[in-house]
Every structure is written in C-alpha cells, then in structure tokens.
Amino acid sequence: MKIDNSLPLEYSTGQNQINILGFWIFIGAEIMLFGTLFAAYFTLVDRTGNGPTGADIFEIAPLLIETFVLLTSSFTIGLAIHAMRLGKQKAMMTFFGITLLLGLVFLSVEIFEFNHFYHVGAGLQTSAFTAILLTTLGTHGAHVTFGLFWGLSIVLQVRKRGLTPETANKSFIFSLYWHFLDVVWIFIFSFIYLKGLM
Amino acid sequence: MDYFDRFAVPHPSPAIYVSMVAIGLTVIAIIAGLTYFKKWGYLWREWLTTVDHKRIGIMYLISALLMLFRGGADAIMMRAQLAVPENTLLDAQHYNEIFTTHGIVMIIFMAMPFIMAFMNFVVPLQIGARDVAFPRLNALSFWLFFMGAMLLNISFVVGGSPDAGWTSYFPLAGNEFSESVGTNYYMLALQIAGLGTLMTGINFITTILKMRAPGMTLMKMPMFTWSALVTNAIIVFAFPVLTVALLMGTMDRLFATNFFTTANGGMDMLWANFFWVWGHPEVYILILPAFGIYSEIISTFSRRNLYGYKSMVGSMVIISLLSFLVWTHHFFTMGQGALTNSIFSITTMAIAVPTGVKIFNWLFTLWKGKIVITTPMLYSLLFIPIFTIGGVTGVMLGMSAADYQYHNTMFLVAHFHMVIIPGVVFAMLAALHYYWPKMFGFKLNEKIGKVGAWVISMSTLLAFMPMFFSGLDGQARRMYTYSESTGFGFLNMLSFIGAIGFAIGFCLIVYNIYYSTRYASRDISSDPWDARSLEWATHSPVPEYNFAITPQVNSAEAFWDAKKHGHELFTGEYEKIHMPNNSGVPFIMGCIFFAWGFSFIFGMWIPVIISTIGIFACMALRSFEKDHGRYISVNEIKKTETSRGA
C-alpha cells in the first residue's frame, strides 16, 4: 500500500481514492432513488381519496425540531472531518458522537410524528397520498437509521485502531452520506412540508 | 397442514408435476455428484468464494446459458401452442405464466448476465487492470443476481408463477386480479437481482475511470470498454427507478397500500410510467455492450482500425441520453394526448440517427478491409441486415398515429425480437466464440460454429418475419389461441418451425462446447485471432493477476501497435502484485437474501426479520474485518510466466 503524504489521510492511498469516487457514484444512484420518490409524491399529492390532505396533518413543531437537529448534525459532522484533518482524534470523536446523538433525536421525533399521523387518520393504507408521504419520509428515515449504526461502527473502529488511512477514509465517506441525507431533508422540508402547509 | 397450503401451486398441471420431479432429481444428482467426486472443497475454494473478475465472468456465463434454456423452453411451448388454431396444448392460465416468465427470464436473467459475463471478463483486461475496483462487491453482485434468478425460477413449482406479463401492469398485477404469490415473486426476485446490477454499475464506472493502464486516456479506450462505461452509467441512473417502482408494487401487494390501485387515489398508470422509465434505458443497457462487442469483432476481422472512433463514442453517449426520453412510446394508445405523443414520437425516431451512424461506421470499417470470415465475424455480418429490419420497424412503431394500428399486436413482438436477437443474442454468441480461447485456452470448432450461426440467423427470420404480417392482419399478442377463420394458422406454423430451428441452433452450440472441450487443440497462441486490444496481450487462460507487468498504452489499439509498429507494451521489472483475498461472505449474503426474498413473498414476517438482521450482520462483519489482501511474490510470478512460455 503506497501512502501519499501530500494528500489528506482519507485520500492518501489509491484504494482510498477509488472508494471515494465509488461512493460519489452511489450518491448519484441515491439521487435517482429519491428523485423517483419525489416524482411519485408530486404525482400523487392531490390524490387523497377519502383521507386527509397534507395541510390537515402536518405539524409545525416537530418539523422545526427535526430540521434544526438534522441541519446542525450536518454541521457537526463537518467539524468532525475538519478535526480529523488536523489529526485531533479526540475532538473528531466528540463531534462524531454529537452528530449521531442529533441523528437519534431526529429519528425519535420522526417516530413521534409518524405516530401522530397514524392517530389523525393518515395511515399507510389510507390513500395514495398518505402511502407516498410515509414511503418518502420512511425511506429517508431508514437511511438515517442505517447511518446511525454505520456511524457507530466507525466510531468504534477509530477508537480501536486510531486514525489510519483506512479509518479516515471510512469516516470521510460517512460524512458524505450524512451531508447527502441532509440535502434530501432540505427537499423534503421545502417541497413536502412547506408546500403542503401553504 | 394449513401452513403449507400456501406453497401449493394454484393451477397445477402434469407438466408442472413432471418439472417438480425433474428439479428434485437434478438437485439430488448435483449433490450426489459433488460428494462422489469430492468436489465440495474445490467448488467452495475456487468458485463460491472467488472475487476474481474472470471467474465471476465465467459464472455469469454459465448462468446465462442455463437461463437461455429455461427461457427457450418457454418460447417453444408458446410457439407450439400457437402453431395451429384452437390448440389445447396449454390452457389460458398456463400460457399467461409462460409468456410472463419467458420475458423476465430472457431479459433479466439471460441477456443481462450474458452481458455481465463479458463485461466482467473483458473490461479489466482491456484496460490493463488487475481486477475491478471493488472485487468483493463484484462477487456480491453476482450472487444477488444468481439468487434473484433462482427465486424467480422456483416460482412455478412453489406457490405459483407470475402471470401478469413481464411488464406486470397494474391493476392486473394487483391483489384483486393476481391472487397467487406469483407477482410477489416478480417483485422480490427483480428487486434482489436489480440491487446486484446497480452495484455492478457503480463498480464498473469506478473501475473504468480509475484503473486504466498508464497512457490510456478516455479517448484511447477500446470500444467495448467505452460501451461498458456508457452502459453502467445508464444502469446507475435507471435501476433506482425500478427499485422504487418495485418497492411500491410490493407494498401494494403485501401491505395493501394504494399506489397503483383504482381506489383511494391510486394511479395505475404511474406503474407503467415508472416501469418504462427504467425499462427503456434497460433496452439500451442490453444493446450498447452488444454494439461494443461488434465493434471489437468487426475491426479485428477486417484487419482495420475501427472507422469513426469519435462518432462511435458520441453516438453511444447520445443514445444513452435519449434512452431516458422515450418511455411513453410504450403506451401511445393509453391517452396522454396528441402533444405528449408527438414529442415522444420525435425523440423515439431521433434514436435511429446515432444508431444509423454506428451501422455505417461498421460498414465503413468493412470497406476495403481484408475480411476474414470466422464464426464471430459471421454473426456480426448477419447481425447488420437482420438488425436493420428490426430497427426500421421500430421507427414505424415510433410514429404515434400509426402505432394505434401496431400496438399490442404480433407486429410489435416481431419488432423487438428482431432487434434483441440479432442485436444482443448474436453479439453474445459472437463474443462466446471470440473470447472462448481467452477464457479456456482452446477455440470452439469453427465449422460447427458457423453452421450454428446460419441455423440461428435463418431461424430468426423464419420465426419472426411471419409475425409482422399476422400482426398487421390483427393478431394480438399474448392471446393463447385463435380461431381457424382468422387465417393466422399458416404464419404461426412458420413461426413454430423457426422456433424449432432455434432449438436446433442452440443444441449445436452446446454440442460445439462439448466437442471442442474434448477434441480441440490446446496448443494455440494467446492471440489466436490476430486481435488488436490489450486482453490478447496476456496468456490464455489468463493468469490470476492478468498482466505480470502493467502495460503501457499509446493508442486505442496498443496491442496492435506492439505487434506491428514496435511499441513497447511491457517495460520494467516484475514487482510483487497485490491481490484481494477470497471471501465466503458474498455467497452467504446472497443465500440470506434468497431466504429474505422467499419469506417476504409469502409474508412470513419472522423469517423476514431474522434474515434482515443476517444481512446487516454480514455488512457489519465486512466493516470490522481487517482484510488487506495478499501479495504474489516476484518468484511466483516468474514461475507462472515461465510455465506459460513467456
């Protein structure tokens, strides 16, 4: 394994560079995945059948908490990568931990929100609108859940093995994933919630 | 016993019971054979755990040939049923199941793995790489495809076969009209195989962008590698659409949601749109690598460089973009209105332009070339006229006003078989003959090969030309019988004879493999066709590390330059080579995915949860594992190279 010290740790080997490019292409596929879900959402948004519309069920308080928490977590994962580049493992771990914690808060609020939807009569089977709403939100939520476990396993590995080209590479790729989930949330916030509340 | 009732076949027939027994006996025979010859260890060490792109390619190839026979058997049954009017060989339900699985098997589980086989085997060699970017992911891709294929193939003996057409349009594919678990099989098997294909897409784009030999700029890549790059880009952008569509379809069927139903706001046409937003690019995923193969073969056997390299690349890129803009032409008759239909008519016909450019480039490559007619070349030469018939009828179908006459008739069936068979199947058979010596170290018999090529191409014409006429006369596709007064009998009998011809042609290919394995000379050079690109610069069969020394590239035909113009391909000393370790995890993960899919299909939620945990456990295992691969020492390389006569 040739290590090029002129590059940041996460880019320092050939395999590392390949991993990062591969992950960007994966994000390309993810954009298509969420793009398709949004296309389906826009098609089905007014097809509410006998069920409620978005304006009937959306609540502003959990939405603001979710948005605030997730956007902050995107900032803290950025700080974690910055600390990693400075070689400060302890600071990096702290920011990583905060990120995952914020992710957990987001997820809890989302579960609470789903529960609320269910209780106001917007279940998965109610109408085409509720089905696509819950599927789109659920797909994002499933990504966050997966990210929590993934991030946790990276934290454990960095703690055990220190900052090596390999762990740095994994951490960096995780940060790309986490930022991406944030971008998707911005679209969900704007085009599902805000548009629905208007 | 009620619990097991769900696994019963809803529409049993003697043929299905015979198949059950045959499958059972085959499984027993395979297990007994492996045990008797003590091959379990060999199978596990050399194949099931391999991450070598060449072996994975060969496994794709074997799967594709197996599936070709499954899909072929379906085709023969269909043609036999339609050979005479009012035939009672198959009933309506059985016929529905057969045309459905014929379509799925041939496209997803025959044509796709055939292409993957050559992409896996050839692309890393053509770019001078040791393996793909993510070898273990590549193994996982294969096992996901394979398990998806197995899942679909057991459907007709466990629980019932899918029967709503390979397009599975809703509401027909919904619970109301498709009560059996057949369509669940469709949703889950395609989902699992599709995930594998998506990973292949990511893997090969990264490989081609990052792992080319020094000196090989993008515009110096061999044409097959270019076609693989464009194809994989289409895969990465098209397959997620299928993923979402299948997810929604699965939820409609198993969780009673209302995406595609006709009640509570559901929209059945949304499925048709999503299916074809994936489905039309899928057609180009099949055809572009085939075009790449033809480019390699035609230039090799014309002894000329490929005419119009840049326009070849440009037309592939244009085709890939247009492929996403034509999906509505699959349902012109379903009421989008004149403006939408006109726009999609124009984009559809526009695809004929870059495709025509490619056809003319091949003709100009042949022009004044020293043409050598070998089996691969014969397939390529037969491809051009037959494919053009299919292509031109495609332009006819693309005219939305005229499509009201052609839609859902045998004319359409004739069209897409006349493009897919000469386009994809001929290309894959050509590639089979062309790359066989590189894969196994001996050539397939040329005489049997050429007879096979003639039999298959003439059968194509015999089987599908009559359908153009019966289709224009109004014979609808997917009808299991017709009355004598329609007068379709004679044309359908011709098609049936063509189908028998196909069967004979494919038997010839199998016989050729058997014959050549026994009798062909092993004493051939590593470059038996006098070819032009890097894959012929290493030994046959290829050593595990592909190239002892990484080749230096100066043009799109580096190997030809090395042979004829004194270009130095291999400079420098042997160095130790880094290779990835084998792993059983992809295979095990594939098996868990099979269990996951199977229990999902039958709504058995506890096994679903257990296997989901199993899948994530495999991923966690991979994450925590320390696997830095291994090194092949200089001594070992020297020994291998000397034994191969370097």
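Quick caveat, the model's predicted, so the values are computed rather than measured.

**Considerations on the overall build of chain B**
Here is step 1: The number of helices and strands found in chain B is 21 helices and two strands.
Here is step 2: In summary, chain B has a C-alpha radius of gyration of 25 Å against a globular reference of 26 Å for 646 residues, a match within 12%.
Here is step 3: Expressed as lengths along the three principal axes of its C-alpha atoms, the size of chain B is roughly 70 × 60 × 50 Å.
Here is step 4: Going through the 646 residues of chain B one by one, you find that 59% of them count as buried.
Here is step 5: A sequence separation of at least 24 residues applies to 82% of the contacts in chain B between residues at least 6 apart.
Here is step 6: Looking at chain B as shown, the accessible area adds up to about 24900 Å², and 69% of this sits on carbon and sulfur atoms.
Here is step 7: Considering chain B, the positive charge centre built from 38 side chains and the negative charge centre built from 34 side chains are found 12 Å apart.

**Digging into the overall build of chain A**
Here is step 1: Looking only at helices and strands, chain A features six helices and zero strands.
Here is step 2: When the elements of chain A are put in sequence order from the N terminus, they spell out α-α-α-α-α-α.
Here is step 3: Projected onto the principal axes, the alpha-carbon positions of chain A cover approximately 65 × 30 × 25 Å.
Here is step 4: Considering chain A as a whole, with its 198 residues, one finds that 53% of them fall into the buried category.
Here is step 5: Surface accessibility of chain A: about 8800 Å² in total, with carbon and sulfur atoms responsible for 69%.
Here is step 6: Across chain A, the 10 positively charged side chains and the 11 negatively charged ones have centroids separated by 16 Å.

**Section: the environment of Leu 198 of chain B**
Here is step 1: Tracing the sequence through the fold places Leu 198 of chain B in helix 7 (residues 182-210).
Here is step 2: The class for Leu 198 of chain B is buried, based on a relative accessible area of 12%.
Here is step 3: Spatially, the C-alpha atoms of Leu 198 of chain B and Gly 57 of chain B are 17 Å apart, while their sequence positions differ by 141 residues.
Here is step 4: Contact partners of Leu 198 of chain B, with chain neighbours within four places excluded, come to Ala 29 of chain A together with Ile 235, Val 236, Phe 239 and Pro 240 of chain B.

**Some details on the domain arrangement of chain B**
All names here are of chain B.
Here is step 1: Here chain B is described as being made up of domain 1 (1-302) and domain 2 (370-541).
Here is step 2: Here the C-alpha centroids of domain 1 and domain 2 sit 20 Å apart.
Here is step 3: Contacts between the two partners involve 50 residues from domain 1, matched on the other side by 57 residues from domain 2.
Here is step 4: Carbon and sulfur atoms make up 76% of the surface buried where domain 1 meets domain 2, a total of about 4500 Å² over both sides.
Here is step 5: It is Arg 79, Tyr 294 and Phe 301 in domain 1 that bury the most area against domain 2; as a group they hold 18% of the surface buried on that side.
Here is step 6: At the boundary of domain 1 and domain 2, one finds 14 residue pairs in polar contact (both at pLDDT 80 or more).
Here is step 7: Among the elements of the structure, helix 4 (53-82), helix 5 (92-126) and helix 9 (268-302) are those that each provide at least two residues to the side of domain 1 that touches domain 2.
Here is step 8: Class assignment of the residues belonging to the side of domain 1 that touches domain 2 gives a composition of 36 nonpolar, 10 polar and four charged.

**A closer look at the interface of chain B and chain A**
Here is step 1: Taken together, the 37 residues of chain B in the interface contact 36 residues of chain A.
Here is step 2: Where chain B abuts chain A, roughly 3100 Å² becomes buried across the two surfaces, and 71% of that area is made up of carbon and sulfur atoms.
Here is step 3: For the chain B face of the interface with chain A, the top three residues by lost area are Lys 210, Asn 264 and Phe 624 of chain B, together amounting to 16%.
Here is step 4: Where chain B packs against chain A, one counts zero salt bridges.
Here is step 5: There are eight residue pairs in polar contact (both at pLDDT 80 or more) connecting chain B and chain A.
Here is step 6: Elements with a contribution of two residues or more to the side of chain B that touches chain A: helix 7, helix 8 (223-254), helix 9 and helix 20 (605-624) of chain B.
Here is step 7: The element that contributes the greatest number of residues to the side of chain B that touches chain A is helix 8 of chain B, accounting for nine residues.
Here is step 8: Among the residues forming the side of chain B that touches chain A, the class breakdown is 25 nonpolar, nine polar and three charged.

**What to know about the state of the cysteines**
All names here are of chain B.
Here is step 1: Under the counting rule described, the total for this entry stands at zero disulfides over all chains.
Here is step 2: Cysteine Cys 591 shares no disulfide, and the gap to the nearest cysteine sulfur, in Cys 618, comes to 9.7 Å.
Here is step 3: We classify Cys 591 as partly exposed; its relative accessible area is 32%.

**Here we look at the pattern of salt bridges**
Side-chain pairs of opposite charge can arise where the charged atoms are in close proximity.
Residue and element names in this part refer to chain B.
Here is step 1: In the structure shown here, the tally under the stated rule is 11 salt bridges over all chains.
Here is step 2: Here Asp 52 ties to Lys 54 by a salt bridge, and the two come within 3.2 Å at their closest N and O atoms. Pair check on accessibility: Asp 52 and Lys 54 agree, each one buried.
Here is step 3: A salt bridge links Asp 74 to Arg 70, with the nearest nitrogen and oxygen atoms 3.5 Å apart. In this pair, Asp 74 and Arg 70 both sit in helix 4, four residues apart, roughly one turn of the helix. Here the two residues Asp 74 and Arg 70 agree in accessibility, since each one is buried.

**Concerning the UniProt feature "domain: Cytochrome oxidase subunit I profile" (unreviewed entry) in chain B**
Here is step 1: UniProt tags residues 38-554 of chain B as "domain: Cytochrome oxidase subunit I profile" (unreviewed entry).
Here is step 2: Secondary structure over residues 38-554 of chain B splits into 68% helix and 0% strand, and the C-alpha atoms at its two ends are 48 Å apart.

**Here's the deal with the UniProt feature "transmembrane region" (unreviewed entry) in chain A**
All names here are of chain A.
Here is step 1: The sites that UniProt annotates as "transmembrane region" (unreviewed entry) are residues 21-43, 63-81, 93-112, 132-156 and 176-194.
Here is step 2: Annotated as residues 21-43, this span is 100% helix and 0% strand, and its ends, taken at the C-alpha atoms, are 33 Å apart.
Here is step 3: A distance of 26 Å separates the end C-alpha atoms of residues 176-194, which is 100% helix and 0% strand.

**Remarks on the environment of Gly 337 of chain B**
Here is step 1: The topology assignment puts Gly 337 of chain B in the loop between helix 10 (309-322) and helix 11 (338-350).
Here is step 2: Distance in space between the C-alpha atoms of Gly 337 of chain B and Tyr 514 of chain B is 56 Å, their sequence separation being 177 residues.

**Topic: the packing of helix 5 of chain B against helix 9 of chain B**
All names here are of chain B.
Here is step 1: Viewed as axis vectors pointing N to C, helix 5 and helix 9 meet at an angle of 45°, and their least axial separation amounts to 11 Å. Relative to helix 9, the element helix 5 lies oblique. For the pair helix 5 and helix 9, the crossing hand works out as left-handed. Here Ile 107, Ile 108, Ala 111, Met 112, Ile 115, Phe 118 and Gln 126 of helix 5 lie close against helix 9, whose contacting residues are Trp 278, Glu 282, Ile 285, Leu 286, Pro 289, Ile 293 and Glu 296.
Here is step 2: A class-by-class count of the residues in the contact of helix 5 with helix 9 yields 11 nonpolar, one polar and two charged.

**Things to note about the nonpolar core**
All names here are of chain B.
Here is step 1: Counting 254 residues, the largest nonpolar core has Phe 109, Phe 118 and Trp 362 as its most contacted members.
Here is step 2: Not counting residues within four places of it along the chain, the set of residues in contact with Phe 118 comprises Leu 61, Val 123, Phe 224, Ile 293, Met 428, Ala 431, Leu 432, Tyr 435 and Met 439.
Here is step 3: The next biggest cluster of nonpolar side chains, apart from the first, holds eight residues, and it includes Met 78, Leu 90, Phe 99 and Phe 488.

**A few points about the side chain of Thr 49 of chain B**
All names here are of chain B.
Here is step 1: Structurally, Thr 49 is set in the loop between helix 3 (40-48) and helix 4.
Here is step 2: Side-chain polar atoms of Thr 49 contact the backbone oxygen of Trp 44, separated by 2.8 Å.
Here is step 3: Leave out the neighbours within four places in its chain, and Thr 49 touches Trp 44, Asn 582, Ser 583 and Gly 584.

**Here we look at unusual backbone geometry**
All names here are of chain B.
Here is step 1: In this model, Phe 170 is joined to Pro 171 through a cis peptide bond whose omega is 5°.
Here is step 2: Turning to its location among the elements, Pro 171 is positioned in the loop between helix 6 (135-154) and helix 7.
Here is step 3: That bond from Ser 540 to Pro 541 is cis: its omega, -15°, falls within 30 degrees of zero.
Here is step 4: With respect to the secondary-structure elements, Pro 541 resides in the loop between helix 17 (489-519) and helix 18 (558-564).
Here is step 5: Even without being a glycine, Ala 256 presents a positive backbone phi close to 55°.
Here is step 6: Along the chain, the position of Ala 256 falls in the loop between helix 8 and helix 9.
Here is step 7: Residues other than glycine seldom take positive phi values, yet Arg 303 does so here, at roughly 55°.
Here is step 8: When you line up the elements, Arg 303 lands in the loop between helix 9 and helix 10.

So, how was this worked out
- Residues numbered from 1 in each chain as written.
- Chains lettered and ligands numbered in written order.
- Predicted model: local features only at pLDDT ≥ 70, side-chain atom pairs only at ≥ 80, totals over all residues.
- Heavy atoms only, no water.
- Helix = DSSP H or I, 4+ residues; strand = E, 2+ residues; numbered from the N terminus.
- Rg over C-alpha atoms; globule rule 2.2 N^0.38 Å.
- Buried < 20%, exposed > 50% of the residue type's maximum accessible area, 1.4 Å probe, protein only.
- Contact = heavy atoms within 4.5 Å.
- Areas by Shrake-Rupley, 256 points an atom, 1.4 Å probe, with all protein chains shown as cover.
- Lys, Arg positive; Asp, Glu negative; His and termini not counted.
- Charge placed at Lys NZ, Arg CZ, Asp CG, Glu CD.
- Domains from an automatic or database assignment.
- Buried area = accessible area lost by both parts, 1.4 Å probe.
- Polar contact = N/O pair within 3.5 Å; in protein donor to acceptor, adjacent residues only side chain to side chain.
- Nonpolar A, V, L, I, M, F, W, Y, C, P; charged D, E, K, R; others polar.
- Salt bridge = Lys/Arg side-chain N within 4 Å of Asp/Glu carboxyl O.
- Disulfide = S-S within 2.5 Å.
- UniProt positions renumbered as here; feature names shortened; annotations may be inferred.
- Axes fitted to C-alpha atoms, helices over the stretch in contact; angles between N-to-C directions.
- Parallel < 35°, antiparallel > 145°, perpendicular 65-115°, else oblique.
- Left-handed = near helix turned anticlockwise from the far one by under 90°.
- Core = buried A, V, L, I, M, F, W, Y, C linked by side-chain atoms within 4.5 Å.

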